[in-house]
Amino acid sequence: MLKQYPTLRYILQRGVWYFLTFLVAIAINFILPRLGDRNPVDIMMAKASQGLSDEAVKEKRESFEKEFGLIEVTAEGKIIHDANGKTVKVSGFNQFLNYLKMTLSGDLGKSIQKYPKNVSDIIIEAVPWTLALQFPSILLGWIFGNVLGALAAYRRGVFDRVIFPMALFMSSVPFFVFGMVLVYWFAVVLGWFPAMEAYSGALNPSLSLEFIGSMGYHYVLPFFSIFLILAGGQAIGMRSMGIYELGTDYIKYAKWLGLKETKILSYLFRNAMLPQLTGLALSIGSMVGGALITEMIFSYPGLGMAMLTAIGSNDYTVIQGCTLLVTTSVLVANFSVDIMIGFLDPRVKAGMQMGGK
Amino acid sequence: MKLLRNLLKSPMFVIGAVLFFGTILFAIFAPFFIDLKTAMDRVGGQYLEPSGSFWLGTDDLGRDYVKLLLQGLRSSLYVGFLAGVLATTVGTLVGIYGGFKGGIIDDILNMFTNLFIVIPSFVVLILVSASLEQGRSLTIIALLIGATTWPWTARSVRAQASSLKSRDHISLARINGANTLQIIYKHILPYLASYVFMVFIMQVASGILSESAISMIGLGPMDNVSLGVILNQAKNAGALGDGIWWGIFPASIIITVIVFALFLINNSMEGVFNPRLRK
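The residue numbering used here restarts from 1 in each chain and proceeds along that chain's sequence as written. Whichever chain is written first becomes A and whichever ligand is written first becomes 1, with later ones labelled in order. Totals for whole chains, interfaces and linings use every residue, but because this is a predicted model, local features are given only for residues with pLDDT of at least 70 and side-chain atom pairs only at 80 or more, for both listing and counting. For the side-chain quantities, the full set of heavy atoms in the structure was used; hydrogens and water were omitted.

Draft legend 1. Inspection of the overall build of chain B at higher detail. On a plain count of helices and strands, chain B comes out with 10 helices and 0 strands. With respect to the three principal axes, the spread of C-alpha positions in chain B is 75 × 45 × 30 Å. For the exposure calls, accessible area comes from a 1.4 Å probe over protein chains only, and a residue counts as buried if that area is under 20% of its type's maximum, exposed if over 50%, partly exposed in between. Burial status across chain B gives 54% buried among its 279 residues. By the counting rule applied here, Lys and Arg register as positive and Asp and Glu as negative, while His and the ends of each chain are not counted. In plain terms, the charge of a residue is placed at NZ if it is Lys, CZ if Arg, CG if Asp and CD if Glu. Placing the 20 positive and 14 negative side-chain charges of chain B at their respective mean positions leaves the two points 18 Å apart. Elements are defined by DSSP. Helices are runs of H or I of four residues or more, strands are runs of E of two residues or more, and each kind is numbered from the N terminus.

Pasting the structure below:
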């Protein structure tokens, strides 16, 4: 099937694969919380049951259990009781089916701590901030790191001797440590930049010039703390790839032909790029994880911060919603990189099987 | 031996190895001189500056940072090694089996490997840690990290093993009547040993990083102090905003130095095994 369109076939294959992975991710998101000893209803009851009679406590508990889909209800939404007046538990499998149905329709349940509030509302408020911070910093960090790595490989000498150890050191600094160093030095000691939040607390979000200026001002430190660390790691990978490519026959041949340096560099870049792209696909998950922690250091109002608040207050449904969204976006990012590889890799165009993944 | 001599010629390796083994020796032997039993005791006021009696000051609960950091260093190394050993063992077994045997079991193992590489491991870590109320211990966190990072080892070992499979000396051994176990033990493992060791080094580093990250966001071990837990407490007590550098930088520097040392070792080994990088 689709033999004459190998690229399309490849993309479809990857798409199906990622969809299956997505279903597994939903299953993980459903199963893992249920392995622990924490129960959202108990957490809510601890808050809600103060000063209530036994009868009222029982009713409240049942209504929460109904809310979380733990007990059977009739078609009209009335709680079913058995002969002893006890509620009937929904089987784990049916719970999963309900969870799957709800998740696929975008309903992530209700927050435990901010009870009637929908998890999806909390997430929708946070996502734009996370996107605005992570997308540019990861992308630009990746590009900058690769250019630096290619230069280090090509020039060697002093350039390499300075950049390589620096890049190696940068890549071993944890995201949150570097974030704290930046905050301490540039915000606390020097006072050049604000340490926290995404905009000045004195302003209301609007499209005014003042607000956008404040946003840009607050953007600098978190941006650089992700950008520089990422660039370090990428530069190291690209340097190894570049040095490897420099030893190959086609580069030697190009040099003998007397091609211009920039021309040779562009060949080198193109060939070293593919493994780097594959590397990107594999490490997006950990990059996003690190960037989420950076948000927490800077109290940047994105997903990371929403998750931190939820962790601090045992708000399990919110944690679950955030992790599902993070996993989903990592899968989408991976899929996009795979599509790019499909267009760039001549082996895919020729319809050959890709090695490894 | 020749390998070791080559490695010792690389200044990067020497620096990395000295830093790393120095840290390990310190973590093992320092408790003979610094009494760790009193690490959790209040010994002075809140956030005392570093001085002659408290070299690195005290934390928000008046505890001596020298003792806390030593305890934290030991915890972090423990987590790193336990997670690294688990991930390397499982990953190597899965990788060798998959790469060498092939067939449907390999397909299934490979699918799992790829699945858990794209599903971010910190998501799994957060979900499990947040659902454990009691019993979130150092050992459990280490095992969790190991259980989420083995696919990385499996993936690279599998690639190496399947490229070794079609080499001549393997076919020769097979003609001579060696069975699969013998071939793996005698003719595959020696080739993979250095490679597996390099991946192990990276797994230890990522174990230490993962533990400190998960502790940093407040889901750390409840039974012990780790470097991440120290940072989390300092952050929650507002040490960063108040400019209390001794609450944040010593722990940060220790984590960074250990990871940097491991990266140096790994990178210099790559340079020795891949002669092109050496020139």
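Draft legend 2. Representation of the overall build of chain A within the structure. If you tally the helices and strands in chain A, you get 13 helices and 0 strands. Start at the N end of chain A and walk to the C end: the helices and strands fall as α-α-α-α-α-α-α-α-α-α-α-α-α. It is over C-alpha atoms that the radius of gyration is taken, and the globule rule equals 2.2 Å times the number of residues to the power 0.38. Over its C-alpha atoms chain A spans a radius of gyration of 26 Å, topping by over 25% the 21 Å that the globule rule assigns to 357 residues. Its C-alpha atoms give chain A principal-axis dimensions of about 90 × 65 × 40 Å. Here chain A holds 357 residues, and the buried ones make up 46% of them.

Draft legend 3. Geometry of the side chain of A:Gln95. Residues and elements named next belong to chain A. Among the secondary structure elements, Gln-95 is positioned in helix α4 (residues 92-104). Here Gln-95 falls in the buried class, since its relative accessible area comes to 12%. By the convention used here, residues are in contact when the closest approach between their heavy atoms is within 4.5 Å. Setting aside its immediate chain neighbours within four residues, Gln-95 contacts Phe-30, Arg-34, Gly-69, Leu-70 and Val-90.

Draft legend 4. Up close: the side chain of B:Thr23. By secondary structure assignment, the location of B:Thr23 is in helix α2 (residues 11-29). Among all residues touching B:Thr23, those that are not within four sequence positions of it are B:Leu73, B:Leu77 and B:Ile258.

Draft legend 5. Highlighting the confidence of the model for chain B. On average, chain B scores 83 in pLDDT, and the residues at 70 or more come to 96%. In the predicted complex, the global pTM is 0.84; the interface-specific ipTM is 0.79. Here pLDDT means the predictor's own confidence in every residue, given as a number from 0 to 100.

Draft legend 6. Quick peek at the packing of helix α6 (residues 157-172) of chain A against helix α8 (residues 209-246) of chain A. Residues and elements named next belong to chain A. Closest axis-to-axis distance for the α6/α8 pair is 8 Å, and the angle between their directions is 125 degrees. With respect to α8, the axis of α6 lies oblique. Note that α6 runs across α8; the crossing there is left-handed. Two secondary-structure elements touch here, α6 through Asp-160, Phe-164, Ala-167, Leu-168, Met-170 and Ser-171 and α8 through Leu-228, Ile-229, Gly-232, Gly-233, Ala-235, Ile-236 and Arg-239. Only Asp, Glu, Lys and Arg are considered charged, only Ala, Val, Leu, Ile, Met, Phe, Trp, Tyr, Cys and Pro nonpolar, and every remaining residue, Gly among them, polar. Residues of the contact of α6 with α8, tallied by class, amount to 8 nonpolar, 3 polar and 2 charged. The axes are straight lines fitted to the C-alpha atoms, using for helices just the contacting stretch, and the angles between their N-to-C directions are given from 0 to 180°. In what follows, roughly perpendicular refers to angles from 65 to 115 degrees, roughly parallel to angles under 35, roughly antiparallel to angles over 145, and oblique to any angle outside these ranges. Two helices cross in a left-handed way if the nearer one is turned anticlockwise from the farther one by less than a right angle. They cross in a right-handed way if the turn is clockwise.

Draft legend 7. Spotlight on the packing of aromatic side chains. Ring geometry is summarised as follows: Phe, Tyr and Trp rings, the Trp one being its six-membered ring, pair when their centres sit within 6.5 Å, and such pairs are stacked at plane angles under 30 degrees, edge-to-face over 60 and tilted between the two. As enumerated under the stated definition, the model contains 21 aromatic pairs over all chains in all. Aromatic side chains B:Phe81 and B:Phe200 sit 6.2 Å apart centroid to centroid with 50 degrees between the ring planes, which places their arrangement in the tilted category. Taken together, the residues span a long stretch of sequence, with B:Phe81 in helix α3 (residues 65-101) and B:Phe200 in helix α8 (residues 180-216) at a distance of 119 residues. Judged by its relative accessible area of 17%, B:Phe200 is buried. Through a chain of ring-to-ring contacts, the aromatic side chains of A:Phe144, A:Tyr219, A:Phe223, A:Phe224 and A:Phe227 assemble into a single cluster. Two thresholds decide whether a charge sits over a ring: the Lys NZ or Arg CZ must be within 6 Å of the ring centre and within 35 degrees of the ring normal. If you follow A:Arg14 out to its NZ or CZ, it ends over the ring of A:Trp17, 5.0 Å from the centre. For A:Arg239, the ring lying beneath its charged end belongs to A:Phe164, and the centroid distance is 3.8 Å.

Draft legend 8. Region of interest: the nonpolar core. The set of buried Ala, Val, Leu, Ile, Met, Phe, Trp, Tyr and Cys residues whose side-chain atoms join them within 4.5 Å is what this entry labels a nonpolar core. Judged by nonpolar contacts, the single largest core of 146 residues is most densely connected at A:Phe176, B:Ile126 and B:Ile217. Per element, the largest residue contribution to this core is 15 residues, and it comes from helix α10 (residues 245-273) of chain B. Both of domain 1 (14-104) and domain 2 (119-355) of chain A provide at least three residues apiece to this core. Among all residues touching A:Phe176, those that are not within four sequence positions of it are A:Ile293, A:Ile297, B:Ser212, B:Ala213, B:Met216 and B:Leu231. Delimitation of the domains relies on an automatic or database domain assignment.

Draft legend 9. A look at the interface of chain B and chain A. At the interface, 50 residues of chain B touch 55 residues of chain A. The junction of chain B with chain A conceals about 4700 Å² of combined surface from both sides, 74% of it contributed by carbon and sulfur atoms. The working definition used for a salt bridge is a side-chain nitrogen of Lys or Arg within 4 Å of a carboxyl oxygen of Asp or Glu. Seen at the junction of chain B and chain A, the total is 0 salt bridges. For the purposes of these results, a polar contact is taken to be a pair of N or O atoms within 3.5 Å, where, inside protein, one atom must be able to donate a hydrogen and its partner to accept one; residues adjacent in sequence count only when each atom of the pair is a side-chain atom. Taken together, chain B and chain A are joined by 0 residue pairs in polar contact (both at pLDDT 80 or more). Of all the secondary-structure elements, those providing two or more residues to the side of chain B that touches chain A are α4 (103-118), α5 (121-131), α6 (138-165), α8, α9 (227-236) and α10 of chain B. With 12 residues, the top contributor of residues to the side of chain B that touches chain A is α10(B). Residues that form the side of chain B that touches chain A fall into these classes: 33 nonpolar, 11 polar and 6 charged. Buried area counts how much accessible surface, traced with a 1.4 Å probe, disappears from two parts once they are put together, with both parts' losses summed.

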